[in-house]
Amino acid sequence: MRLSDALIKEIRQEFPRFRTVDKRQDALSRAIDGALRIVTLGGQRGYLSAYHTVIGDTLYLPASWDATADIDRAIVLRHERVHLRQRRRYGFALMTFLYLVPFFPLGLAYGRARIEWEAYTETLRATAELAGLAAARAPELRSQIVRRFTGPDYGWMWPFERQVQHWYDRALEDISNEHPELRGTDLRSPIEHGEHAA
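Conventions and cut-offs
Residues numbered from 1 in each chain as written. Predicted model: local features only at pLDDT ≥ 70, side-chain atom pairs only at ≥ 80, totals over all residues. Heavy atoms only, no water. Helix = DSSP H or I, 4+ residues; strand = E, 2+ residues; numbered from the N terminus. Expected span 1.5 Å × (residues − 1). Polar contact = N/O pair within 3.5 Å; in protein donor to acceptor, adjacent residues only side chain to side chain. Core = buried A, V, L, I, M, F, W, Y, C linked by side-chain atoms within 4.5 Å. Buried < 20%, exposed > 50% of the residue type's maximum accessible area, 1.4 Å probe, protein only. Contact = heavy atoms within 4.5 Å. Lys, Arg positive; Asp, Glu negative; His and termini not counted. Salt bridge = Lys/Arg side-chain N within 4 Å of Asp/Glu carboxyl O. Pairing = 2+ DSSP bridges. Axes fitted to C-alpha atoms, helices over the stretch in contact; angles between N-to-C directions.

Asks: Please clarify how helix H2 (residues 27-39) should be interpreted in this entry.
Replies: Three- or four-residue spacings in an α-helix give side chains the same orientation, since the helix completes a turn every 3.6 residues. Compared with the 18 Å implied by 1.5 Å per residue over 13 residues, the 19 Å span of H2 between its first and last C-alpha is a close match. In this structure aspartate 26 caps H2, since a side-chain oxygen of it lies 3.4 Å from the backbone nitrogen of leucine 28. Phi turns positive, to about 55°, at leucine 41, one or two residues after H2.

Asks: Just to check I follow, could you spell out the nonpolar core for this structure?
Replies: Generally speaking, soluble globular proteins have nonpolar side chains that are buried together. Trp117, Leu124, Ile145, Phe149 and Tyr168 are the most contacted members of the largest nonpolar core, which totals 26 residues. Mapped by element, the contributors of at least two residues to this core are helix H4 (92-100), helix H5 (110-131), helix H6 (133-136), helix H7 (139-150) and helix H8 (161-178). Other than its neighbours up to four places away in sequence, isoleucine 145 contacts Trp117, Tyr120, Thr123, Leu124 and Tyr168. By size, the runner-up hydrophobic cluster in this structure holds 13 residues, among which are Leu7, Leu59, Trp65 and Ala74.

Asks: Which parts of the structure should I look at to understand the side chain of glutamate 116?
Replies: Looking at the element boundaries, glutamate 116 is found in helix H5. An unpaired buried charge is present at glutamate 116: no salt bridge exists, and arginine 112, the closest side chain of opposite charge, is 6.9 Å distant.

Asks: Would you mind going over the sheet that holds strand S1 (residues 19-22) with me for this structure?
Replies: Strands in a sheet are paired, the pairing made by backbone hydrogen bonds, and the direction either parallel or antiparallel. With mixed pairing, the 3 strands of this open sheet are ordered in space as S1-S3-S2. Strand pairing shows two members of the sheet lacking a second neighbour, S1 and strand S2 (53-55), which therefore form its edges. Averaged over all pairs of adjacent strands, the angle between their axes in this sheet comes to 30°, without regard to strand direction. Across 4 bridges, the pairing between S1 and strand S3 (residues 58-61) is parallel. Of the residues in S3, the one forming a bridge with valine 21 is tyrosine 60.

Put into structure tokens, the structure is as follows:
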């Protein structure tokens, strides 16, 4: 069984109502895509093609999913499982409020930033465990994730790059301490993960 298939089986055991939906065939996803293009002034144009989105118990998959390597699917699924657990912890209404409102929907979305940082920490942990600590430390992955917080992909949710870099360094240090056996490993170079939303 492929790693990603085994992980989907685990997720369904934890969340029996879990399902996946192709964004291209989903009217809600197409509506969200249109809205995001407007509010980000065209900055977020990859919602349907590159971003994975959990809403409730459903994981909405982008067009790129079919061509995604198994190990990268597993990393994405571990990120999205964090969002499923957050929704269970907070409840759907509070999770939605925290994700969309405080402090501001765009430009200073601390609630969204903290929710996503928990999930992106799992992205780094999964990358280290599945691809090696060197892959988690790769400058390309760092640049991509920092951009998620400071750029239009998530509506400039936390545009303070120095603080995001600090979070990133602290997460890598924690993961390295959790897994000393991974130090020096480099199984492959990371590719772009468009995992996200809540």
